[in-house]
Amino acid sequence: MKQLVLYHNCCPLMNCKARILFFPWLLCFFLLMISPSRSDTDTLAQGQELKDGDNLFSASGLFKLGFFKPGHANTSYLGIWYNANNEKAVWVANRDTPIFGNSGTLRVDDHGNLKLSYSQGDSIVLYSVQAASNTSAVLLDTGNFVLRELNPDGSIKQELWQSFDSPSDTLLPKMKLGINKKSGLSWSLTSWISDEVPALGSFTLGMDPNGRNQMAIWWRGNIYWNSGPWENSLVKMFDKFSDYRFSYISNENETYFTYAVSKDITIFPRLTLNEKGEMLVFLPDSTFPQVSCSTSAPTLRAGCVEQKLPKCRSPRDKFVSKMGLMSAYGFTFGKSDNLSLSDCRVLCLKNCSCVAYASTNDDGTGCEIWSKDSSFTEQNRKELRSIFIIDTKSECLCKNLVDMVDNCVWRG
């Protein structure tokens, strides 16, 4: 015979007492599940910490701050990126001090200092207060991460530090490239050393320090490209980017270059200096970013460099990337040289006996070059690396060092 169970107010009469006792526990569990965590806020208050795996989101959800691991290495960095497209970080806090594993923690300590802590090393201090203060850090909808000192009532007393004053390789709208004449602070972009490693790379983009109202790019400390004066070259160079409104500001306090975008823009606007020395501008309705370096070659795809070939190199020479191995060991530059693939290419080009070059690490860093005594064997196996081999018999006309990689004009 089947048991008949009577219900009263949705509770079986025979189990009602047990369910009444269970309900408060269920309610507490539900409230804990929906209670705010560090992943639901834009602010890190004093005494709070953000662990690896947690995130801050700007008020509208446009930007996200947290730890990330680029490439395949087990090292992490604190960064900011556009939340929706989850692409490369637009700002990195610890570029030259990666954190091993998942031990990274960002905190505003009891004194008001903003710092990164991890298990196997000293803390990385982003900002240290002169005296104990009531501070909090907030991620704004501009992508700026700001440490603020607060009044006793919680209102803002002053801004102590901001990520916009320490750019990485990307210029967001309202950021500045230039110089603060009073504090001596310089705003500039420095490329990643490779597409997978945020460490300081070979190229720097900023305002010309010689007082000219123009932008310049440095390669290892030497100026190799400049834009020309704002009134002429720069205005023409950026005219085609109609969704970007570029400005040049100069007064007694500061001189800088900046830009803004219209509110209805549907992309994630940014200007990036990549590891090849290319200045990339991301445009609406375009799958790939546009490269802009000069008025004469606004779509130059292989960087902004304009250099003459060494006498030992022919305009028909071209480097071709192939999978394989060399017959002998080449010359390997030391780790302390901190070389990118672009550096390696130039070192090979300037050495007239060099016939090939390659990165020494899987992440695209390091440099090994080979002389004419070595030969190359092509083998398409995953465990082999990509080696750039000189091709002196191509039908390619190259005008400069950069063209020799993959941007030559082929004869039809």
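Residues numbered from 1 in each chain as written. Predicted model: local features only at pLDDT ≥ 70, side-chain atom pairs only at ≥ 80, totals over all residues. Heavy atoms only, no water.

### What to know about the sheet that holds strand β32 (residues 376-378)
The strand order across the open sheet built from 6 strands is β29-β31-β30-β33-β28-β32, with neighbouring strands paired in antiparallel fashion. Of all the strands in the sheet, the pair left with one neighbour each is β29 (331-332) and β32. Pairing of strand β30 (residues 354-358) with strand β33 (residues 385-391), which is carried by 2 bridges, proceeds in the antiparallel orientation. Pairing of tyrosine 357 across the sheet is with phenylalanine 388, part of β33. Across the face of the sheet, helix α3 (residues 341-350) comes into contact with β28 (318-326), β30, β31 (368-371) and β33 while running at roughly 170° to β30. (Pairing = 2+ DSSP bridges. Helix = DSSP H or I, 4+ residues; strand = E, 2+ residues; numbered from the N terminus. Contact = heavy atoms within 4.5 Å. Axes fitted to C-alpha atoms, helices over the stretch in contact; angles between N-to-C directions.)

### Considerations on the environment of valine 261
Note that valine 261 resides in strand β24 (residues 254-261). Remark: the alpha-carbon pair of valine 261 and proline 173, spanning 88 residues in sequence, is separated by 6.8 Å.

### Overview of the pairing of strand β12 (residues 124-127)
Two strands pair when backbone bridges link them, and strand β11 (residues 114-117) and β12 are joined in this way by 3 bridges, in the antiparallel orientation. Note that in β12 the partner of leucine 116 across the bridge is isoleucine 124. The antiparallel pairing of β11 with β12 creates a hairpin that spans 6 residues between the two strands.

### Observations concerning the state of the cysteines
The final tally for this structure, using the stated rule, is 3 disulfides. Here cysteine 312 pairs with cysteine 352 through a disulfide, and the sulfurs are 2.2 Å apart. On the S-S bond that ties cysteine 312 to cysteine 352, the torsion sits near -85°, and the link is left-handed. Residue cysteine 312 is found in the loop between β27 (290-291) and β28, and its partner cysteine 352 is found in the loop between α3 and β30; the two are separated by 40 residues along the sequence. According to the relative accessible area criterion, cysteine 312 is partly exposed, its value standing at 35%. (Disulfide = S-S within 2.5 Å. Buried < 20%, exposed > 50% of the residue type's maximum accessible area, 1.4 Å probe, protein only.)

### Describing unusual backbone geometry
Its identity as a non-glycine residue notwithstanding, lysine 174 has a phi of 80°, on the positive side. Within the secondary structure layout, lysine 174 lies in the loop between β16 (170-171) and β17 (177-180). For arginine 220, which is not glycine, the phi dihedral falls at a positive 55°.

### Overview of the sheet that holds strand β14 (residues 145-150)
The pairing of strands in a sheet happens through backbone hydrogen bonds and is either parallel or antiparallel. Spatial ordering of the open sheet is given by β3-β13-β14-β15, a layout of 4 strands whose pairing is antiparallel. For this open sheet the edge positions go to β3 (43-45) and β15 (156-162), each flanked by a neighbour on one side alone. The mean angle between the axes of side-by-side strands here comes to 25°, regardless of whether they run parallel or antiparallel. Pairing between β3 and strand β13 (residues 135-139): 3 bridges, direction antiparallel. In the sheet register, leucine 44 faces β13, and the bridge partner there is alanine 137.

### Quick word on the side chain of serine 117
Assignment of secondary structure puts serine 117 in strand β11. Reaching out from serine 117, the side chain makes a polar contact with the side chain of serine 123 at a distance of 3.3 Å. If near-sequence neighbours (up to four positions away) are discounted, serine 117 is found in contact with Ser103, Gly104, Thr105 and Ser123. (Polar contact = N/O pair within 3.5 Å; in protein donor to acceptor, adjacent residues only side chain to side chain.)

### Thoughts on α3
Where burial is concerned, most of α3 is hidden: 7 out of the 10 residues are buried. Buried within α3 we find Ser342, Asp343, Cys344, Arg345, Val346, Cys348 and Leu349.

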